[in-house]
Amino acid sequence: MDRNNDEQRAERLARSFLNGDLSRRSFLRRAAGFSAAALSASSLGAVLTACSSSSSSAGPSGGAATGTPAAGGTLQAALTGEPDTIDPATSTIYTGAQVYDNIFNKLIDLDPSNNFYGQLATKWTASDDTTWVFDLVDTASFHNGEKFGPQDVVYTFERILDPKTASSYAPLYNAISKVEATGPTQVTFHLKTAFGPFLSNLANNGEIVNQKATESKDPSRNAVGTGPFEFVEWVQGDHITLKKNDTYFLSGKPFLDGITFKFLNVDQSRVDALRSGDLNWSDAVPLQQLNTLKSDPSFNYVTSATAGIPDYIAMNTTQPPFDNKLVRQAVYAALDRDAIRQVAYFGAGESGIEEVPTGSSWYDGTPLVAPDTEKAKSLLQQAGVTTPIEVEYLGLPQYPELLKTGEVIQQQLDAVGIKMSIKQVEVGVWFDAFVKGNYQITSAYQERTIDPDNFYALVVHSGGDINTTGYSNQQADQLIDQARTETDTQTRFDLYKQLRQIVFDDSPIIFVHYETINYLMQKNVVGSTVNPTLELRMQDVGFTTPA
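The structure displayed is predicted, hence computed values, not measured ones. (Residues numbered from 1 in each chain as written. Predicted model: local features only at pLDDT ≥ 70, side-chain atom pairs only at ≥ 80, totals over all residues. Heavy atoms only, no water.)

**Student:** With reference to specific residues and values, describe the packing of helix 11 (residues 325-334) against helix 13 (residues 373-383).
**Tutor:** Two numbers describe how helix 11 lies on helix 13: the axes approach to 8 Å, and their chain directions differ by 175 degrees. Taken together, helix 11 and helix 13 sit at an angle that is classed as roughly antiparallel. When helix 11 is examined against helix 13, the residues Leu-326, Val-327, Gln-329, Ala-330, Ala-333 and Ala-334 are found in contact with a partner set consisting of Lys-375, Ala-376, Leu-379, Leu-380, Gln-382 and Ala-383. Counted by class, the contact of helix 11 with helix 13 contains nine nonpolar, two polar and one charged residues. (Axes fitted to C-alpha atoms, helices over the stretch in contact; angles between N-to-C directions. Helix = DSSP H or I, 4+ residues; strand = E, 2+ residues; numbered from the N terminus. Parallel < 35°, antiparallel > 145°, perpendicular 65-115°, else oblique. Contact = heavy atoms within 4.5 Å. Nonpolar A, V, L, I, M, F, W, Y, C, P; charged D, E, K, R; others polar.)

Pasting the structure below:
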């Protein structure tokens, strides 16, 4: 059923391009979101091949560098910030996932082409709309010596759904009625209703934990999984060290002896450290140098047009002045997204208006809204507020693009009668204020948005675990709930298109940019890819010569 709809959408996309309704750039980006099955079953595959072969390549492809990794070596890797926790059930910061996804495995995952593949599962089938059966590997063990089995899967999801865990990811799994072991290497999920994003959610936030390990030590600082690397130490404010799992169930992996994840600012020091050899790999580089560095023969560079992070403006709808919808709409009208992208991101990424990029199969083609200063002023007049309105923006100096976004917005809002001061705070202070609603306006991002449900169920739904704006709209909630219980892809696509229009109009959040992920590494480091879930699969990374 899903596959047929994907094929129909692929066919429509091919015809739109052939009819001249889409530019080549837009066509290539949107085509990248389709599966190989949809490409081969429609004319899209042939059109895409012809289009790609007729276009010249400008600069590096951004794909994984070629070369055969040799066993050995410790990778010195830079992350943009320090994790909040390495417990996958409770972490809400992207850098946490970058670390713990090397310690844990999930049942299934997504490859760079958005196709599901098994990690701890060898096979998965739906016997009906509410029953999923997973056959499991029989050769995996946890780092504490416990053998992996179906009971670990049961425990993992019962723990996520337990209110005592306070997992932000519980809404992604509240369709689960029961998880049970149905064999020595089999587990069955019973759902309350049909649930469209079930597999995507398992691939996105479904790391399997062990009960004994989780309950014997603080899981936020002592992660024990089945993954390719074992946790060694966490030196607060400096680094996290992992070592090779010598009994990893995938033969020949990992290549590295270990990884040291360092928490470093995104500035020139990263580039200098890569050149000197103090760093081997970096998850970000100063964007003002990106065009130069990605074509520098001294480095390997990877990126992806379909995997990244939506950046947005969040406004606290429970406090003045943003409890007034007209004031929020005035902010929406005043923003110049292209100016934000050019100044804050040095032209990198995409000017965003949705939670997914133009390359995603979920992208509905909503055009960017041009800034309208006069409309913004008129909306403020209709709101009955006295201008200038004074508001405070929480800025994060550790994330220079988000801080710079605030500085650009400050100028844009000033032109319509909103005086915005900027208060710079460190990430821990910012996060505490953000989740508790102790702010007026700020910039934020949502990690790992693959399926629209990953964003809307958590960030927009009334009472959502990451609904930090206090926004509540019954019609939006109904659309979110309905889209979740549909398994037909086209039906879900149409529901999300309706939902976006409501969010655009109410403006509790305003998408401004889609952040493309870029990795830069020394020339002798290979195997790194940008994946849809944004996890760092360091099991595939290694040095081309022993380090």
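Here the narrative resumes, following the displayed structure.
**Student:** Outline the sheet that holds strand 5 (residues 131-136), listing residues and values.
**Tutor:** Spatial ordering of the open sheet is given by 4-5-7-6, a layout of four strands whose pairing is antiparallel. Strands with a single pairing partner mark the edges of an open sheet, and in this sheet they are strand 4 (121-128) and strand 6 (176-183). Here the average twist between neighbouring strands, direction ignored, is 20 degrees. Alignment of strand 6 against strand 7 (residues 186-191), held across six bridges, turns out to be antiparallel. Across the sheet, the residue bridging to Glu-180 is Thr-188, located in strand 7. Against the sheet, helix 6 (residues 150-161) touches strand 5, strand 6 and strand 7, its axis set at about 170 degrees to strand 6. Along the sheet, helix 7 (residues 198-205) makes contact with strand 4, strand 5, strand 6 and strand 7, crossing strand 5 at roughly 40 degrees. (Pairing = 2+ DSSP bridges.)

**Student:** Could you give an account of the pattern of salt bridges, naming the residues involved and the relevant values?
**Tutor:** For the coordinates displayed, the defined rule picks out 23 salt bridges. The partner of Lys-178 in a salt bridge is Glu-180, and the shortest N-O contact between them spans 3.8 Å. The exposure class of Lys-178 is partly exposed, given its relative accessible area of 46%. Since its relative accessible area comes to 26%, Glu-180 is described here as partly exposed. For the salt bridge of Arg-492 with Asp-451, the shortest nitrogen-to-oxygen distance reads 2.9 Å. Taken together, the positions of Arg-492 in helix 18 (residues 489-506) and Asp-451 in the loop between strand 16 (441-445) and helix 16 (452-460) put the pair 41 residues apart, joining distant regions of the chain. When salt bridges that share partners are traced, they join Lys-106, Asp-109, Glu-535 and Arg-537 into one network. (Salt bridge = Lys/Arg side-chain N within 4 Å of Asp/Glu carboxyl O. Buried < 20%, exposed > 50% of the residue type's maximum accessible area, 1.4 Å probe, protein only.)

**Student:** An account of empty space enclosed by the protein is requested, with residue identities and associated values reported.
**Tutor:** Under the counting rule described, the total for this entry stands at six cavities of 30 Å³ or more. The computed volume of the largest cavity comes to approximately 360 Å³. In this structure, the largest cavity is lined by 23 residues; those nearest its centre are Thr-80, Asp-283, Ala-284, Glu-401 and Glu-515. Elements represented by at least two residues in the lining of the largest cavity include exactly helix 5 (94-100), helix 14 (400-414) and strand 17 (509-522). With five residues, strand 17 is the single largest residue contributor to the lining of the largest cavity. Here the lining of the largest cavity is composed, by residue class, of 13 nonpolar, seven polar and three charged. Taken as a whole, the second largest cavity holds about 70 Å³ of empty space. Around the second largest cavity, the lining residues are Ile-86, Asp-87, Pro-88, Phe-104, Arg-159, Val-209, Ala-213, Thr-214, Pro-219, Asn-222, Ala-223 and Val-224. Looking at the lining of the second largest cavity, its residues break down into eight nonpolar, two polar and two charged. (1 Å grid on protein atoms, 1.4 Å probe; cavity = no way out; pocket = protein on both sides within 12 Å on 5 of 7 lines; lining within 4 Å. Points joined across faces, edges and corners; volume = space filled by probe spheres on them.)

**Student:** Go over the environment of Leu-335, please, and point to the residues and values.
**Tutor:** When you line up the elements, Leu-335 lands in the loop between helix 11 and helix 12 (337-344). Here Leu-335 is in contact with Ile-313, Pro-371, Ile-409, Gln-412, Ile-510 and Val-512, once residues within four sequence places are set aside.

**Student:** Any details on the environment of Lys-325? Residues and values, ideally.
**Tutor:** Relative to the elements of secondary structure, Lys-325 occurs in helix 11. Note on Lys-325: relative accessible area 32%, which makes it partly exposed. The sequence separation of Lys-325 and Ser-507 amounts to 182 residues, and the corresponding C-alpha distance is 7.3 Å. Sequence-distant contacts of Lys-325, that is, excluding residues within four places in its chain, are made with Asp-505 and Asp-506. At a separation of 2.8 Å, a polar atom in the side chain of Lys-325 contacts the side chain of Asp-505. (Polar contact = N/O pair within 3.5 Å; in protein donor to acceptor, adjacent residues only side chain to side chain.)

**Student:** Describe in detail the packing of aromatic side chains, supporting the description with residues and values.
**Tutor:** Each aromatic ring pair is summarised here by two numbers: the centre-to-centre distance and the angle between the ring planes. Under the counting rule described, the total for this entry stands at 20 aromatic pairs. Residues Tyr-312 and Phe-511 carry aromatic rings whose centres are separated by 6.3 Å and whose planes lie at 70 degrees to one another, so their mutual orientation is edge-to-face. Of this pair, Tyr-312 sits in strand 12 (residues 299-315) while Phe-511 sits in strand 17, placing them 199 residues apart in sequence. In this structure, Tyr-312 and Phe-511 share a single accessibility class: buried. Of the aromatic side chains, those joined through ring pairs into one cluster are Trp-132, Phe-134, Phe-157, Tyr-173, Phe-189 and Phe-198. The residue whose ring lies beneath Arg-221 is Trp-234, and the NZ or CZ to ring-centre distance is 3.7 Å. Here the guanidinium or amino end of Arg-337 rests over the ring plane of Tyr-332, the centre of that ring lying 5.0 Å away. (Phe/Tyr/Trp six-rings, centres within 6.5 Å; stacked < 30°, edge-to-face > 60°. Lys NZ or Arg CZ within 6 Å of the ring centre and 35° of its normal.)

**Student:** Run through the confidence of the model for the protein chain, naming residues and quoting values.
**Tutor:** Caution applies to low-pLDDT regions: their predicted coordinates should not be interpreted in detail. Within the protein chain, residue pLDDT values average 89, and 87% of them lie at 70 or more. A low-confidence stretch, residues 15-26 (pLDDT under 50), is modelled with 14 contacts involving residues beyond four sequence positions or located in other chains. Predicted confidence is poor over residues 49-61, with pLDDT under 50, and the contacts of this stretch with residues over four places away or in other chains come to nine contacts. (pLDDT = per-residue confidence, 0-100.)

**Student:** Please give an account of unusual backbone geometry that cites residues and values.
**Tutor:** If a residue is not glycine, its phi is most likely negative; likewise, a peptide bond is most likely trans. With an omega of -10 degrees, the peptide bond between Lys-253 and Pro-254 qualifies as cis. On the secondary structure map, Pro-254 appears in the loop between strand 9 (239-244) and strand 10 (258-263). For the peptide bond that leads from Thr-387 to Pro-388, omega is 0 degrees, which places it in the cis range. Structurally, the position occupied by Pro-388 is in the loop between helix 13 and strand 14 (389-395). Even without a glycine there, the phi angle at Phe-346 is positive, about 55 degrees. Considering the arrangement of structural elements, one finds Phe-346 in the loop between helix 12 and strand 13 (350-351). For Phe-346, a relative accessible area of 44% puts it in the partly exposed group. At Leu-534, a residue that is not glycine, the phi angle is positive and equals roughly 65 degrees.

**Student:** Can you break down the packing of helix 16 against helix 17 (residues 474-484) residue by residue, with the values?
**Tutor:** Close contact between helix 16 and helix 17 brings their axes to 10 Å; oriented N to C, the two are set at 140 degrees. Both helix 16 and helix 17 take part in a crossing whose hand is left-handed. Within the contact between the two elements, helix 16 uses Asp-453, Tyr-456, Ala-457 and Val-460 and helix 17 uses Asp-477, Ile-480 and Arg-484. Of the residues in the contact of helix 16 with helix 17, the class split is four nonpolar, no polar and three charged. (Left-handed = near helix turned anticlockwise from the far one by under 90°.)

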